[in-house]
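Chain residues, written in single-letter form:
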Amino acid sequence: MSHDLKNAGQATQNIHAGQHTDWTTGSVAPPIIQTSTFAFKNCAQGADRFAGREEGYIYTRMGNPTIARLEEAVSTLEGGAGGLATGSGMAALNTCLFALLNAGDHLVGTHSLYGPSRMVIERDFSRFGVQSTFVDTSDLDAVRAAMRPETKLVFVETPANPTIVMTDIAAVAKIAHEHGALLLVDNTFCSPIIQRPLELDADVVMHSMTKFINGHTDVVSGMVIPGSKELLERIRPVHYFLGACMDPHQAWLVLRGFKTLSLRVKACQENAIQVAPWLESHPKIEWVRFPGLESHPQHALAKKQMDGPGALISFEVKGGLEAGTRFLDNVKLATLAVSLGGIETLIQHPASMTHAAMPADMRHKAGISDGLVRISVGCEDFVDIKTDLEQALNHA
Ligand SMILES: *Cc1c(COP(=O)(O)O)cnc(C)c1O
C-alpha cells in the first residue's frame, strides 16, 4: 500500500500512512503490540539485533511496531526522515534540547514560546551551562542581533503561543544556517495540514500531539521529526536514554485520532474564519489577532508559509482583565480549559493560566497582555459557537 504514498495527496497520506494491513492476521486496524520486550529465537539473533546486523525489535523503549506506525504516519505528512514518538510534547522538546545542545552552547528562541518550553530552557538548561536569548523572532534583525558564535540552536514557534505572532521560517532558517546553527520549529499550532517547516528549510520539527494531531482531548503525547537521516540518528540514542518513549496503547489512540486530522483541522479552520471577523466587528471587543484577518500585520506571511490561517484566535475584551474574566466565567458551549486543537472549542486566559509562571514584566514584553483571551475554535456548528460567545460577551 505504501509504495507511492510519498507522492499521494495529503488526505490520502493522512488516512493511509502507517496504517498498512497487518498480514499476520489480516487486521485492517493496526494491532496494539502491548509488550515491553521482544523474544529472540536464539543468542545469535539477540546479538545480531543489538549489533544492528538484523532489523527487528528488542525492547519497547527503543522501538515498537505500533509506535513505529505512528512515527511513520506523522513523519510522512511533515516530509521528515522519520519520527521519534514521546510521552508528551515537553518530552519531545527536552529530547531535542538534550540531543542538540552542549554546555557552553547558546540558544535563540521566540520570546512568547509555550510557557513551559521557555521555562525549561531558562530555568533548567541554564543549570547545565546552556545560555539563551529570547527575542521577537518575527523581527529578523532581532534574530540576527541575538546570534553569537556559540549559538547552536534557533527555536521558533509560529504562530506563537498565545500572541499569534508569526515568524518567517525560511528567513530564520537562512540566518541560523549562516551562523552554523540548526532551526527547530514547534509546529503544534498548525499541524502538517497547514504548515510544513521542513519544506521551508527547518532542520527539526516537534509536536505536542496532545493538540491537533490526536485531536480528541484525551491523550498527552509528542513527536520529534528530524528532516535528515543524520539528525534522526543523532537524536535517536538520546530519545532511548532519556526514556522519553510513549506506550503502545497511547500510540494506538493517537493513530486513531490522527486519521481524521485533515478533516478536523479544516472544519475547525472554517469556523475560525467566520468567528474572527465576527469578533472583530463586535462592539465589546478591543482587538482580534488571527492570521486570516487583513488587520493582522503579518497577513501576507501567513499566506506565504501556511496553507490556511488555522483555528487559534487571540483577542481582548474591552474593559481589560475584569471584563475578560466576566466573559470567560459565562461561556457555556466553549470549555474554559487550557490546551488546544481538540474537536471541541476551548478557551483560556494565558496571564492567569498557561503563562502564569512567567514573571509579569517578561510576559508583557512578550506581548501577552493581562486581558488577552485565547480561543481554539472547535468543530461545532458556527452559529452555536457565535451564540455562546455573544451571550458571554453580554456579561462582560
Ligand atoms: C501543549 C504544548 C506543548 C507541550 O506539550 P505537552 O504535550 O503538554 O507536553 C509544547 N508546545 C506547544 C505549542 C503546546 O501547545
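Bear in mind the structure is a predicted one, so any value in this text is a computation, not a measurement.

Focus on helix 4 (residues 89–100)
Between its first and last C-alpha, helix 4 extends 17 Å over 12 residues, near the 16 Å set by a 1.5 Å rise per residue. Summarising burial for helix 4: 9 of the 12 residues are buried, a large majority. Among all positions of helix 4, only Gly 89, Ala 91, Ala 92, Leu 93, Thr 95, Cys 96, Leu 97, Ala 99 and Leu 100 are buried. If you check the start of helix 4, you find a side-chain oxygen 3.4 Å away from the backbone N of Met 90, and it comes from Ser 88.

A short note on the domain arrangement of the protein
Partitioning the protein into domains gives domain 1 (5–258) and domain 2 (261–393). Distance between the C-alpha centres of domain 1 and domain 2: 26 Å. Residue-level contacts link 43 residues of domain 1 with 41 residues of domain 2. Together, Met 166, Ile 194 and Phe 212 form the three largest contributors to the area buried by domain 1 at its contact with domain 2, with a combined 22%.

Quick word on the pairing of strand 4 (residues 151–157)
Counted residue by residue, strand 4 has 6 buried out of 7 residues, so it is predominantly covered. Relative to strand 4, strand 2 (residues 106–110) runs parallel, the two sharing 4 bridges. Bridge pairing links Val 108 to Val 154 in strand 4. Both strand 4 and strand 5 (residues 182–186) contribute to a ladder of 5 bridges, which runs parallel. When the sheet's bridge partners are listed, Glu 157 is paired in strand 5 with Asp 186. With helix 7 (residues 169–178) bridging strand 4 and the parallel strand 5, this β-α-β connection has right-handed handedness.

Section: empty space enclosed by the protein
Here the structure, examined in full by the defined rule, presents 1 cavity of 30 Å³ or more. Approximately 40 Å³ is the volume attributed to the largest cavity. Taken together, the residues of the lining of the largest cavity break down into 7 nonpolar, 1 polar and no charged. A domain-level breakdown of the lining of the largest cavity finds at least three residues from each of domain 1 (5–258) and domain 2 (261–393).

Description of the sheet that holds strand 2
Taking strand neighbours across the sheet as the criterion, the 7 strands line up as 1-7-6-5-4-2-3 in an open arrangement whose pairing is mixed. Pairing within the sheet leaves two strands with one partner each, and these edge strands are strand 1 (84–86) and strand 3 (131–135). Ignoring which end each strand starts from, the neighbouring axes of this sheet average 20° apart. Summarising the sheet, strand 6 (residues 204–208) and strand 7 (residues 222–226) pair through 5 bridges and their orientation is antiparallel. Looking at strand 7, one finds that Val 205 is bridged to Ile 225. Here helix 4 sits on the sheet in contact with strand 1, strand 2, strand 4, strand 5, strand 6 and strand 7, set at roughly 155° to strand 6. Along the sheet face, helix 8 (residues 229–242) touches strand 1, strand 5, strand 6 and strand 7 and points at about 35° away from the line of strand 1.

About the thresholds
- Residues numbered from 1 in each chain as written.
- Predicted model: local features only at pLDDT ≥ 70, side-chain atom pairs only at ≥ 80, totals over all residues.
- Heavy atoms only, no water.
- Helix = DSSP H or I, 4+ residues; strand = E, 2+ residues; numbered from the N terminus.
- Expected span 1.5 Å × (residues − 1).
- Buried < 20%, exposed > 50% of the residue type's maximum accessible area, 1.4 Å probe, protein only.
- Polar contact = N/O pair within 3.5 Å; in protein donor to acceptor, adjacent residues only side chain to side chain.
- Domains from an automatic or database assignment.
- Contact = heavy atoms within 4.5 Å.
- Buried area = accessible area lost by both parts, 1.4 Å probe.
- Pairing = 2+ DSSP bridges.
- Right-handed = clockwise from strand over helix to strand, strands pointing away.
- 1 Å grid on protein atoms, 1.4 Å probe; cavity = no way out; pocket = protein on both sides within 12 Å on 5 of 7 lines; lining within 4 Å.
- Points joined across faces, edges and corners; volume = space filled by probe spheres on them.
- Nonpolar A, V, L, I, M, F, W, Y, C, P; charged D, E, K, R; others polar.
- Axes fitted to C-alpha atoms, helices over the stretch in contact; angles between N-to-C directions.

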